[in-house]
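The lines below spell out each chain.
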Amino acid sequence: MLVGKVTGNIVATQKTDTLDGFKLLLIEETDINGTGKGKFIVAVDTVGAGHDELVLYATGSSARLTPQTQNKPVDAVICGIVDSIEHNGKETFKKN
Amino acid sequence: MLVGKVTGNIVATQKTDTLDGFKLLLIEETDINGTGKGKFIVAVDTVGAGHDELVLYATGSSARLTPQTQNKPVDAVICGIVDSIEHNGKETFKKN
Amino acid sequence: MLVGKVTGNIVATQKTDTLDGFKLLLIEETDINGTGKGKFIVAVDTVGAGHDELVLYATGSSARLTPQTQNKPVDAVICGIVDSIEHNGKETFKKN
Amino acid sequence: MLVGKVTGNIVATQKTDTLDGFKLLLIEETDINGTGKGKFIVAVDTVGAGHDELVLYATGSSARLTPQTQNKPVDAVICGIVDSIEHNGKETFKKN
Amino acid sequence: MLVGKVTGNIVATQKTDTLDGFKLLLIEETDINGTGKGKFIVAVDTVGAGHDELVLYATGSSARLTPQTQNKPVDAVICGIVDSIEHNGKETFKKN
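Predicted model, so just to flag it, every value in this text is computed and none were measured.

(A) Looking closely at the overall build of chain A. Per the secondary structure count, chain A includes zero helices and eight strands. The helix and strand sequence of chain A, counted from the amino end, reads β-β-β-β-β-β-β-β. Radius of gyration (C-alpha) of chain A: 14 Å, near the 12 Å computed for a compact globule of 96 residues. Reported as C-alpha extents along the three principal axes, the dimensions of chain A are approximately 45 × 25 × 20 Å.

(B) Seen up close, the interface of chain A and chain D. Counting from both sides, the interface comprises 26 residues of chain A and, opposite them, 25 residues of chain D. Partitioning the side of chain A that touches chain D into residue classes produces 14 nonpolar, 10 polar and two charged. Relative to strand β2 (residues 14-15) of chain D, strand β6 (residues 76-81) of chain A is paired through two bridges, and the arrangement is antiparallel. Following the sheet pairing, A:G80 is matched in β2(D) by D:K15.

(C) Focus on the relation of the copies chain A and chain D. Laying chain A over chain D is done by rotating through 72 degrees and shifting 0.0 Å along the axis; what remains is an RMSD of 0.0 Å. Expressed as a symmetry operation, the mapping of one chain copy onto the other fits a five-fold axis. Different-surface contact between copies: only 12% of interface residues of chain A are shared with the interface of chain D.

(D) Spotlight on the relation of the copies chain C and chain B. After a rotation of 72 degrees and a shift along the axis of 0.0 Å, chain C superposes on chain B with an RMSD of 0.0 Å. Comparing contact sets, just 12% of the residues at the interface of chain C also lie at the interface in chain B, consistent with a heterologous contact between different surfaces.

(E) Just the interface of chain C and chain B, in detail. Listed by partner, the interface residues are 26 residues for chain C and 25 residues for chain B. Of all the secondary-structure elements, those providing two or more residues to the side of chain C that touches chain B are β1 (2-11), β5 (54-59), β6 (76-81) and β7 (84-87) of chain C. Of the residues that constitute the side of chain C that touches chain B, the class distribution is 14 nonpolar, 10 polar and two charged. In terms of strand pairing, strand β1 (residues 2-11) of chain B meets β7(C) through four bridges, oriented antiparallel. By the bridge assignment, B:I10 is partnered in β7(C) with C:I85.

(F) Region of interest: the pairing of β7(C). Residue and element names in this part refer to chain C. Pairing analysis gives four bridges linking β7 to strand β8 (residues 90-94), with the strands arranged antiparallel. Counterpart to I85 in the pairing with β8 is F93. Here β7 hands over to β8 after two residues, with N88 in that stretch at a positive phi of 50 degrees.

(G) Here's a closer look at the nonpolar core. Within the largest apolar cluster, 160 residues are counted, with the highest numbers of intra-cluster contacts made by A:Y57, B:Y57, C:Y57, D:Y57 and E:Y57. Non-local contacts of E:Y57, meaning those with residues more than four positions away in its chain, are made with E:M1, E:L2, E:G4, E:I27, E:A43, E:A76, E:V77, E:I78 and E:C79.

(H) Region of the structure containing the environment of B:G80. The residue B:G80 is located in strand β6 (residues 76-81) in this model. Taking the C-alpha atoms as reference, B:G80 lies 15 Å from B:V42; in sequence the two are 38 residues apart.

(I) Expanded view of the pairing of strand β6 (residues 76-81) of chain E. All names here are of chain E. Counted residue by residue, β6 has six buried out of six residues, so it is predominantly covered. Here two bridges tie strand β4 (residues 36-45) to β6, and the two strands are oriented parallel to one another. The partner of V44 across the bridge, within β6, is V77. With five bridges connecting them, strand β5 (residues 54-59) and β6 associate as antiparallel partners. Note on β6: the bridge partner recorded for L56 is G80.

(J) Broad picture of unusual backbone geometry. Notably, A:N88 is not glycine yet its phi reads approximately 50 degrees, a positive angle. Summarising the element assignment, A:N88 is placed in the loop between β7 (84-87) and β8 (90-94). Although it is not a glycine, C:N71 adopts a positive phi angle of roughly 60 degrees. By the secondary structure assignment, C:N71 is in the loop between β5 and β6. On the basis of neighbour count, C:N71 is assigned to the exposed category, with 10 C-beta atoms found within 10 Å.

(K) Representation of the environment of D:L24 within the structure. Residue and element names in this part refer to chain D. Assignment of secondary structure puts L24 in strand β3 (residues 24-30). Through-space distance from the C-alpha of L24 to that of V77 is 9.4 Å; in sequence the pair is 53 residues apart. Sequence-distant contacts of L24, that is, excluding residues within four places in its chain, are made with N9, I10, A12, V42 and V44.

(L) Spatial organisation of the environment of A:K72. All names here are of chain A. Topologically, K72 is positioned in the loop between β5 (54-59) and β6. Taking the number of C-beta atoms within 10 Å as the measure of exposure, K72 has 22 and is therefore buried. Sequence-wise, K72 and T18 are 54 residues apart; in three dimensions their C-alpha atoms are separated by 6.2 Å.

(M) Here's a closer look at the confidence of the model for chain A. Overall, the prediction assigns chain A a mean pLDDT of 96, with 100% of residues at 70 or greater. Here the prediction assigns the complex a pTM of 0.96, and the interface score ipTM is 0.95.

What counts and how
- Residues numbered from 1 in each chain as written.
- Chains lettered and ligands numbered in written order.
- Predicted model: local features only at pLDDT ≥ 70, side-chain atom pairs only at ≥ 80, totals over all residues.
- Helix = DSSP H or I, 4+ residues; strand = E, 2+ residues; numbered from the N terminus.
- Rg over C-alpha atoms; globule rule 2.2 N^0.38 Å.
- Contact = placed C-beta atoms within 7 Å.
- Nonpolar A, V, L, I, M, F, W, Y, C, P; charged D, E, K, R; others polar.
- Pairing = 2+ DSSP bridges.
- Least-squares fit on C-alpha atoms with pLDDT ≥ 70 in both.
- Core = buried A, V, L, I, M, F, W, Y, C linked by C-beta atoms within 7 Å.
- Buried ≥ 20, exposed ≤ 12 C-beta atoms within 10 Å, placed from the backbone.
- pLDDT = per-residue confidence, 0-100.

Here it is, written out as structure tokens:
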């Protein structure tokens, strides 16, 4: 999984039927301090992530292994909200 | 999923049987403003995307999870037409 | 799918049994003008592509979704021969 | 598989149900000497890897092929602890 | 598939049960002349590749499509030993 920040969302009214009802969030990949790298992906949210929250997301076929995304054309899914990141004994990120 | 712009198409009369009948669109990956990055992929269209439209596309095995592309050698599929992109509270792209 | 040019082939007499009989072509990824980028992949040919031809190839698990490559350790397959590429209303490549 | 070092962990109390109970380790990809490259991934641990240990990790759908990660939205799994790496006849890494 | 050279191996006594008995080879990706690019991957060997030999390897889920690697957390497998590479009518590599 990778760590990213929810920076916004995508509206797409015309889409494949099976994607109806999904919140499509814009995720910016971040480093271990939670700083954005300028690289974006659009992910389906399954955990109720909010704007500016740091999240864990899975990509590829593993993105279809949540109850909500099974058998759907989804290649990126938010599977957790990051509370904190510890790197070499130091906390590099902590959720407010 | 990634965001890209439909910039053209590919004609390939000689192809694997199971790809017959598909529109093969040329997609240029874009940033969150809809500006092309010079990186292209060929995707199957399942939503009737038109030239110059911004689209969402799924890659890898997830590209086979639409009714049209099931069990076909397709690794990129257009699954939505982007109406707007919001990033950090600002609209970075809006469809005309 | 990506666009590439057939530039040669690989001979490998000692290989996994299930790959016996496959033509293993050397493909150079190209831009939308058909110009090589210096990045190579080895793909199984299912459409009878010839030397110097521009082809469409699928990668990952989708490369196993042709009748010939099913259930085989193949991660790149040629699935079409490119006749022409149109980008922003201009023909950037046309097969001779 | 790739070689990386366990440099820390991620706490995410709010996550997809099926990820409950997993240790989510922060892995820094390394070169063949065990030196970090500054590129991180979050992986599920199935072998009891400890801090600072060099590990082998599998990514993509193969990360779901351990008894613990089957059918879960996991795209990176630690599948071994590296004792030593030999490159061109020299030992480039040996576990203390 | 990609072309790489066997430059060494990895010892990992503590690993996922299903990986027991596999030779884990260190592969350096090469160009079409067989020159290393400094990019390494660890692959399971299914063809008896020896040190310094040029090999073909498959990655991703396709690495599990050999009899030996089926249903195992393997994302890279050696599936052939390269005898020769021909590029634009010239032999760029020939096995001694």
